[in-house]
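If you want the building blocks of each chain, they are given just below.
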Amino acid sequence: MAQDAFELAEQFQTLVFVMSDLDLGMNNWMADPFKYPEKPIKRGKVLGKEDLDRLGGFARYKDVDGDGIPYRTLPGTDHPGAAWFARGSGHNEKGQYSERPDDYERNMERINRKFETSRSFVPRPEIVANGKSKVGIIAYGTSHWAIVESRDQLRKECNIETDYLRLRAYPFTREVHDFVKQHDRVYVVEQNRDAQMLSLLKLDVEASLITRLRSIAHIHGLPMDARSVTDELMTMEGK
Amino acid sequence: MATTPTSTPPPKTNRIGLAVMDYRGGKTTLCAGCGHNAISERIIDAMYEMGVKPERVAKLSGIGCSSKSPAYFMGRSHSFNAVHGRMPSVATGAVLANRSLMALGVSGDGDTASIGMGQFVHLMRRNLPIIYIIEDNGVYGLTKGQFSATADLGSKLKTGVINDLPPVDTCAMAITLGATFVGRSFSGDKRQLHAMLKAAIAHRGTVMLDVVSPCVTFNDHEGSTKSYKYMKDHDEPLQEVSFVPVFEDITVEYDPGSTVEVTMHDGSRLRLRKLEEDYDPTDRIKAITRLNEAHEKGEVLTGVFYVNPKAPSFVDLLNITEQPLATLPESVVRPGREVLEQVMEELR
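Residues numbered from 1 in each chain as written. Chains lettered and ligands numbered in written order. Predicted model: local features only at pLDDT ≥ 70, side-chain atom pairs only at ≥ 80, totals over all residues. Heavy atoms only, no water.

**Some remarks on the overall build of chain A**
Selection criterion: By definition, any uninterrupted DSSP run of H or I lasting at least four residues is a helix, any uninterrupted run of E lasting at least two residues is a strand, and each is numbered from the N terminus. The reference for a compact globule is 2.2 Å times residues^0.38; the radius of gyration itself is calculated from the C-alpha atoms. Relative accessibility thresholds used throughout: buried, under 20% of the residue-type maximum; exposed, over 50%; partly exposed, between the two (1.4 Å probe, protein chains only).
Within chain A, the regular secondary structure consists of eight helices and six strands. Helices and strands in chain A line up, N terminus first, as α-α-α-β-α-β-β-α-β-α-β-α-β-α. Taken against the 2.2 N^0.38 rule, which gives 18 Å for 239 residues, the C-alpha radius of gyration of chain A at 22 Å runs more than 25% over that of a compact globule. Within chain A, the proportion of its 239 residues that are buried is 41%.

Structure follows, in structure tokens:
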């Protein structure tokens, strides 16, 4: 995951936050041994001296191929046209200071294109589905094992078959949208008071699907247990 | 009538064949008369005269009027506006990723002595190779002139508000913490600042220069202790600073009784003609004591307070490879399969 995070950061020239939680961060967990990385490290769109000699220069924030990701150079590149200014204020495609509304808008639109491009590159969710369930569960992080157990309880105790999507990244990929579309009711299980992931999903899915989303928020500070998920979901299902 | 073609003489160039224009940046948007513009000019002159290749310089800054100024010099150098007060982290990362870069950090008194204090102290104690300049005007110019943490006790704002808190002396702090080239100058003292910047370029380790740089809009009035007039009246230079770069083969006799000569890392010579007889810029304890005395006396002490060209820098301490990490091939930076297997085995 760390390698994926670094590669995404390089490819998309942005920060990547690796989410953890208290349970994962402070308790000992078993894991399978890590596999040796075979593929070359992805550094994204980087221009070197030879590229600049050939191109004659570059514009740091120009979207030349429509994916919202411009080319960059690394500090120390031995070419008079290599430098760029990562500035805190408004700028044009060349990275020069600008207060022009069209420059600002063009940059905002480019960043939006980059965000949309990233949906196809971030880790896809893991989905367990039988194609028939009307009820879906979305969860992430250390909630996972509680959900696995809770789904068994729901099946045995009240005959509720559920599909499960374990989220692995934001922005949400196409599979997350499809999962919401394919279920009548989707319970978003998360360990925070304000149902933050549910709020992000509401911003992302089609407006007609928002009413399908429900919240099971777990906020008592202890690792999540299956029973509390099962009981709350059963109540909301009217069982 | 035949006209004689007039040829323009080629621009004067430095030892690497660049003209001073090659060290310029964009047109300043700071106020006319701002001390920061004078500092930018001195940086341009020093880099030009020292023959530093602009592509080898990384300009780093935080937030504030001072931190805008890297846009106004050395347009051929990479530059990064970090988050407010967080430039030291970015600088540390950049230098460790590419040790061949010359890091030039420009910060302000607000950016350094308030929001960035936590980062500043750790930068100083690491002796990272960087030239860290505080463009110090005692106020927050971008937010309309509130006192910063370097404002002197009793200094008065335009509104009549008196500062009743003691100032943070960034130079005394830097020496205490481990910076190896520490001085204070004044943006209006062209000669002193120019010599100190050239010596800074030759130093290997943390250079911390606090440059009093009057804010003409919010802090240049009667009652301010960071105004042009106050500095002209109260500036107490410790030495006359001069610098002989390694590439200038000049032998000038000097009197060891009246002048301290410090040989820098690259063989350049920093000459400090003593204006105070018993001041020794290689003595940390005395430097701190003298700075504290200056506060008691109401002097604005300038000059090179402390220099130690022999201390190991952070890059030396980490013992990292000579080739910049950023340019190492993947075959070198990725440990072999057996290394990962061994780590995994140890965790079983």
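Okay, back to it.
**With respect to the state of the cysteines**
Disulfide: a covalent bond formed between the sulfur atoms of two cysteine residues. Residue and element names in this part refer to chain B. Under the convention used in this document: Cysteine sulfur atoms are paired as a disulfide whenever they fall within 2.5 Å.
Under the counting rule described, the total for this entry stands at zero disulfides over all chains. Counting only cysteine sulfurs, C34 is the nearest neighbor of C31, a cysteine outside any disulfide, at a range of 6.3 Å. Exposure remark for C31: the relative accessible area of 40% places this residue in the partly exposed category. Taking the relative accessible area as the measure of exposure, C34 reaches 10% and is therefore buried.

**Points about the packing of aromatic side chains**
All names here are of chain A. Applied cut-off: Each Phe, Tyr or Trp ring (for Trp, its six-membered ring) is paired with any other whose centre lies within 6.5 Å, and the angle between the two planes then decides the class: stacked below 30 degrees, edge-to-face above 60, tilted in between.
One pass over the structure, following the stated rule, counts six aromatic pairs over all chains. An angle of 70° between the planes, with centres 5.5 Å apart, marks the rings of F12 and F121 as edge-to-face. Of this pair, F12 sits in helix 1 (residues 2–12) while F121 sits in the loop between helix 4 (101–118) and strand 2 (126–128), and the two are 109 residues apart along the sequence. Put simply, the rings of F115, Y170 and F172 touch in pairs and so form one group of aromatic residues.

**Considerations on the interface of chain B and chain A**
Under the convention used in this document: Every residue pair with non-hydrogen atoms within 4.5 Å of one another is taken to be in contact. Buried surface area refers to the total accessible area, computed with a probe of radius 1.4 Å, that the two partners give up upon joining, counted for both partners together. The rule for a salt bridge is simple: a side-chain nitrogen of Lys or Arg has to be within 4 Å of a carboxyl oxygen of Asp or Glu. Counted as a polar contact is a pair of N or O atoms within 3.5 Å, where, for protein atoms, one must be capable of donating a hydrogen and the other of accepting one, and residues adjacent in sequence contribute only when both atoms are in side chains.
Between chain B and chain A, the residue contacts involve 22 residues of the former and 25 residues of the latter. For the chain B and chain A pair, buried surface summed over both sides reaches about 2100 Å², with 57% attributable to carbon and sulfur atoms. Together, H78, R334 and R337 of chain B form the three largest contributors to the area buried by chain B at its contact with chain A, with a combined 31%. The tally of links between chain B and chain A comes to two salt bridges. Here K53 of chain B makes a salt bridge to D78 of chain A, at a shortest N to O gap of 2.7 Å. Applying the counting rule to chain B against chain A returns 12 residue pairs in polar contact (both at pLDDT 80 or more).

**Topic: the side chain of N127 of chain B**
Residue and element names in this part refer to chain B. Note that N127 resides in the loop between helix 5 (117–126) and strand 4 (130–136). A distance of 2.6 Å separates a polar atom in the side chain of N127 from the backbone nitrogen of T206. Engagement of the side chain of N127 in a polar contact is seen with the backbone oxygen of P312, the distance being 3.1 Å. Leave out the neighbours within four places in its chain, and N127 touches G178, T180, G205, T206, A311, P312, S313 and F314.

**Some remarks on the nonpolar core**
Residues and elements named next belong to chain B. Rule in force here: Only buried residues count toward a nonpolar core, which is a set of Ala, Val, Leu, Ile, Met, Phe, Trp, Tyr and Cys residues joined through side-chain atoms within 4.5 Å.
I43, M47, F181 and L270 are the most contacted members of the largest nonpolar core, which totals 38 residues. A total of eight residues in this core trace back to one element, the largest contributor, which is helix 7 (residues 190–202). Every residue in contact with I43, bar those within four places of it in the chain, is listed here: F73, M74, L104, I133 and L197. By size, the runner-up hydrophobic cluster in this structure holds 34 residues, among which are L60, A91, A294 and F305.

**Looking at the sheet that holds strand 11 (residues 259–263) of chain B**
Residue and element names in this part refer to chain B. To keep it simple, the criterion reads: For two strands to count as paired, DSSP must find a minimum of two bridges between them. Between the N-to-C directions of two axes lies an angle of 0 to 180 degrees, each axis being a line fitted to C-alpha atoms and, for a helix, fitted only over the stretch in contact.
Pairing is antiparallel across the open sheet formed by three strands, whose spatial order is 10-12-11. Looking at strand neighbours, the two that pair on one side only are strand 10 (239–244) and strand 11, the edges of this open sheet. Across the sheet, the mean angle from the axis of one strand to that of its neighbour is 20°, orientation sign disregarded. Examined bridge by bridge, strand 10 and strand 12 (residues 269–274) share six bridges and lie antiparallel to one another. Bridge pairing links F243 to L270 in strand 12. Taken strand by strand, helix 7 contacts strand 10 and strand 12, and its axis lies near 45° from that of strand 10.

**Section: unusual backbone geometry**
Residues and elements named next belong to chain A. Of the consecutive residues Y170 and P171, the connecting peptide bond is found in the cis state with omega at 10°. Relative to the helices and strands, P171 is located in the loop between strand 4 (162–166) and helix 6 (174–181). Of note in the backbone geometry, Q13 takes a positive phi value of approximately 50° without being a glycine. Following the sequence through the fold, Q13 ends up in the loop between helix 1 and helix 2 (22–26).

**Concerning the sheet that holds strand 2 (residues 78–81) of chain B**
Spatially, the nine strands line up as an open sheet ordered 1(A)-2(B)-1(B)-3(B)-4(B)-8(B)-7(B)-13(B)-9(B), and their pairing is mixed. Of all strands in the sheet, those with a lone pairing partner are strand 1 (85–86) of chain A together with strand 9 (235–237) of chain B, marking the two edges. Its contacts with the sheet place helix 5 of chain B against strand 4 and strand 8 (206–212) of chain B, and it is angled at close to 140° to strand 4 of chain B.

**Overview of the pairing of strand 8 of chain B**
Residues and elements named next belong to chain B. The criterion, for reference: By convention, orient the strands away from the viewer: a clockwise path from the first strand over the helix to the second makes the crossover right-handed.
The element strand 8 is extensively covered by neighbouring structure, given that seven of its seven residues are classed as buried. Burial of the side chains of strand 8 extends over both faces: T206, M208, D210 and V212 are buried on one face and V207, L209 and V211 on the other. Two strands pair when backbone bridges link them, and strand 4 and strand 8 are joined in this way by seven bridges, in the parallel orientation. Across the sheet, residue I130 finds its bridge partner in strand 8, namely T206. In this sheet, strand 8 lies alongside strand 7 (residues 181–186) in parallel orientation, the contact comprising six bridges. Pairing of F181 across the sheet is with V207, part of strand 8. In terms of handedness, the path from strand 7 via helix 7 over to strand 8 forms a crossover that is right-handed.

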